[in-house]
Amino acid sequence: MADSLTITDNRTGETYELPIQYGTYPEYGAAIRCGELRNIKVSEDDFGLMAYDPGFTNTASCKSSITHIDGERGILRYRGYPIEELAEDFSFLDVAYLILNGELPDQSASETWESEITNHSMIHEKIKKFMEGFKYDAHPMGMLVSTVAALSTFYPESRNVEDPDVRALQIRRLVAKIPTIAAYAYRSNVGFPYSYPDNDLSYTGNFLSMMFKMTERRYRPDPALEKALDVLFILHADHEQNCGTNAMRSVGSSHADPYVSIAAAAAALYGPLHGGANEQVLRMLNEIGHVDRVPEYVKRVKAGEFRLMGFGHRVYKNYDPRATILKGMAQEVFELTGRNPQLDIALALEKIALEDEYFVSRKLYPNVDFYSGIIYQSMGFPVEMFPVLFAIPRTIGWLTQWQEMLEDGDQRIARPRQIYTGEDQRSPS
Ligand code: CMC
């Protein structure tokens with residue numbers, strides 16, 4: 001057998017042949033089936049060998065045709081299309097359609113999709129009342145997580161996850177309602193009246209309207225800021241099997257409905273190791289306070305006192321393609337919103353770090369969060385909204401991954417094994 005792995009179990013001297021399977025790229029996605037390891041036993045009643053992989057750092061949990069990342073070469077593609085081209089030429093909703101359906105929409109499909117989403121942007125008035133129950137200083141991400149879960153009680157038919165038509169409807173509802181819930185969470189916190197969706201605006205234009213509309217009859221978003229937010233949404237729409245997506249697939253694998261599954265995915269995203277890094281970048285820039293203090297700060301990073309937030313990535317080891325797009329866009333946004341003093345600190349920090357042996361030898365480059373936080377802040381979003389701004393576009397990625405999981409005959413309820421290290425049977429007496 002050519003494409004196989006030969007394993008010799010030195011406990012028994014037995015040899016096993018395990019077939020190797022590939023994805024689209026043989027050099028990036030070769031795997032054995034872990035189930036095959038179970039045949040490797042020392043005796044008939046032995047359970048068989050398992051694979052120990054905390055944090056799933058080297059476990060392919062699924063086959064997927066949605067997003068491809070090549071971290072060494074700084075590549076991110078949705079359905080085969082480079083992120084740079086999608087960000088340049090398409091709207092977020094068209095990219096969402098691509099992620100969900102596998103192909104970019106033609107004009108008629110694009111219009112139908114947009115009107116379907118628009119039709120579902122309102123939320124039940126009882127949901128609005130539900131949101132009023134939160135304390136005045138509730139974190140908007142906590143509000144989003146709980147409110148999305150509560151939607152499950154409004155759409156009980158959503159439990160029928162095996163029906164493609166039911167799924168299609170819930171996907172549209174969720175993509176449409178998440179921005180409304182997100183904006184209501186913000187308005188509730190600051191004490192402003194809710195601003196209902198304006199269906200004549202684009203997806204991102206409407207979100208800006210629900211966030212920032214005050215006494216004007218119609219809110220008209222600045223087209224450049226609307227485009228910038230659209231690009232940010234495109235860059236965050238999917239990122240294959242990260243912590244939040246894994247939560248979505250895992251909870252969804254029990255056939256829980258998509259609302260509670262999205263709540264679980266958003267809860268995973270809420271954690272500071274996942275969706276919270278851009279907030280940390282801003283806190284770091286505030287702490288540095290002035291360009292003159294950058295060299296001293298970098299020195300302390302190199303001494304191991306703390307990490308440079310917004311630098312480094314588990315997967316991207318040369319550059320994060322999303323950061324490259326955002327770096328260019330940050331300049332354009334600041335021309336409109338006024339130059340954010342934190343950008344000067346960020347650029348000085350970036351310059352030193354890119355030339356410094358410590359960062360170069362460890363392949364530490366700015367990641368997406370290095371720029372997204374300062375852009376969001378200059379657009380007027382409070383720091384607490386940053387993870388919420390991540391969850392809105394990631395919803396289509398979560399839902400597409402969920403649907404792919406449900407349609408994949410290989411998938412079963414997610415139920416890992418463990419290596420028990422506790423006591424052997426004993427008696428309390
Ligand atoms: N600043 C200073 N040193 C760093 C940093 C950093 N930001 N990141 C890694 N290192 C050093 C680390 O100390 C280690 O050095 P040594 O070999 O001397 O011990 C080496 O680089 C390798 O680090 P690691 O922890 O093994 O790398 P990792 O791949 O496990 O961690 C990371 C990836 C993103 C968690 C990490 O780089 C980090 O903590 N960055 C700062 C937080 C951040 O910006 N997170 C956002 C990630 S992008 C958002 C997303 O896509 O989800």
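Residues numbered from 1 in each chain as written. Predicted model: local features only at pLDDT ≥ 70, side-chain atom pairs only at ≥ 80, totals over all residues. Heavy atoms only, no water.

1. Remarks on the packing of aromatic side chains
Applicable threshold: Between the rings of Phe, Tyr and Trp (Trp by its six-membered ring), a pair exists once the centres lie within 6.5 Å; its type follows the angle of the planes, with under 30 degrees stacked, over 60 edge-to-face, and the other angles tilted. Starting at the N terminus, helices and strands are each numbered in turn, a helix being any DSSP run of H or I of at least four residues and a strand any DSSP run of E of at least two. Exposed residues in this analysis have more than 50% of their type's maximum accessible area, buried residues have under 20%, and partly exposed residues fall in between, with area computed by a 1.4 Å probe over protein chains only.
Per the counting criterion, the structure on display carries 18 aromatic pairs. Ring centres of F212 and F381 lie 5.3 Å apart, and the angle between their planes is 55°; on these two criteria the pair is classed as tilted. Here F381 lies in the loop between α16 (368-378) and α17 (386-407) and F212 lies in helix α7 (residues 203-212), a separation of 169 residues in the sequence. Each ring, one from Y376 and one from F381, has its centre 6.0 Å from the other, and the planes form 85°; the classification is edge-to-face. Residue Y376 is classed as buried on the basis of its relative accessible area, which comes to 1%. On the accessibility criterion, F381 (2% relative accessible area) is buried.

2. Section: empty space enclosed by the protein
Here is the rule we go by: A cavity here means a set of 1 Å grid points, computed over protein atoms only, where a 1.4 Å probe fits but cannot escape. A pocket is an open set with protein on both sides within 12 Å along at least 5 of 7 lines, and lining residues have an atom within 4 Å of a point. Grid points are joined across faces, edges and corners, and a volume is the space filled by probe spheres set on the points. Note that Gly is not counted as nonpolar here; it falls among the polar residues with everything else outside the nonpolar set of Ala, Val, Leu, Ile, Met, Phe, Trp, Tyr, Cys and Pro and the charged set of Asp, Glu, Lys and Arg.
Per the counting criterion, the structure on display carries 2 cavities of 30 Å³ or more. Around the largest cavity, the lining comprises 13 residues; the ones closest to its centre are I117, T118, S121, Y203 and N206. Among the elements that take part in the lining of the largest cavity, helix α3 (residues 107-119) stands out by supplying 3 residues, more than any other. By residue class, the composition of the lining of the largest cavity is 6 nonpolar, 5 polar and 2 charged.

3. Considerations on the environment of A266
Short version of the rule: Whether two residues are in contact is decided by their heavy atoms, any of which lying within 4.5 Å being enough.
Relative to the assigned elements, A266 resides in helix α10 (residues 258-270). Taking the C-alpha atoms as reference points, A266 and F390, separated by 124 residues in sequence, lie 9.2 Å from one another. A266 has contacts with M141, V145 and W398, leaving out every residue within four places of it along the chain.

4. Concerning the pattern of salt bridges
For the record, the criterion: One speaks of a salt bridge when a side-chain nitrogen belonging to Lys or Arg is within 4 Å of a carboxyl oxygen belonging to Asp or Glu.
For the coordinates displayed, the defined rule picks out 20 salt bridges. Among the salt bridges present, the one from K135 reaches D137, with a minimum N-O distance of 3.0 Å. Judged by relative accessible area, K135 falls into the exposed class, the value being 54%. The closest approach of N and O atoms between R322 and D320, which form a salt bridge, is 3.0 Å. The same class applies to R322 and to D320, which are both buried. What you see here is one network of salt bridges that share partners, running through R33, K63 and D410.

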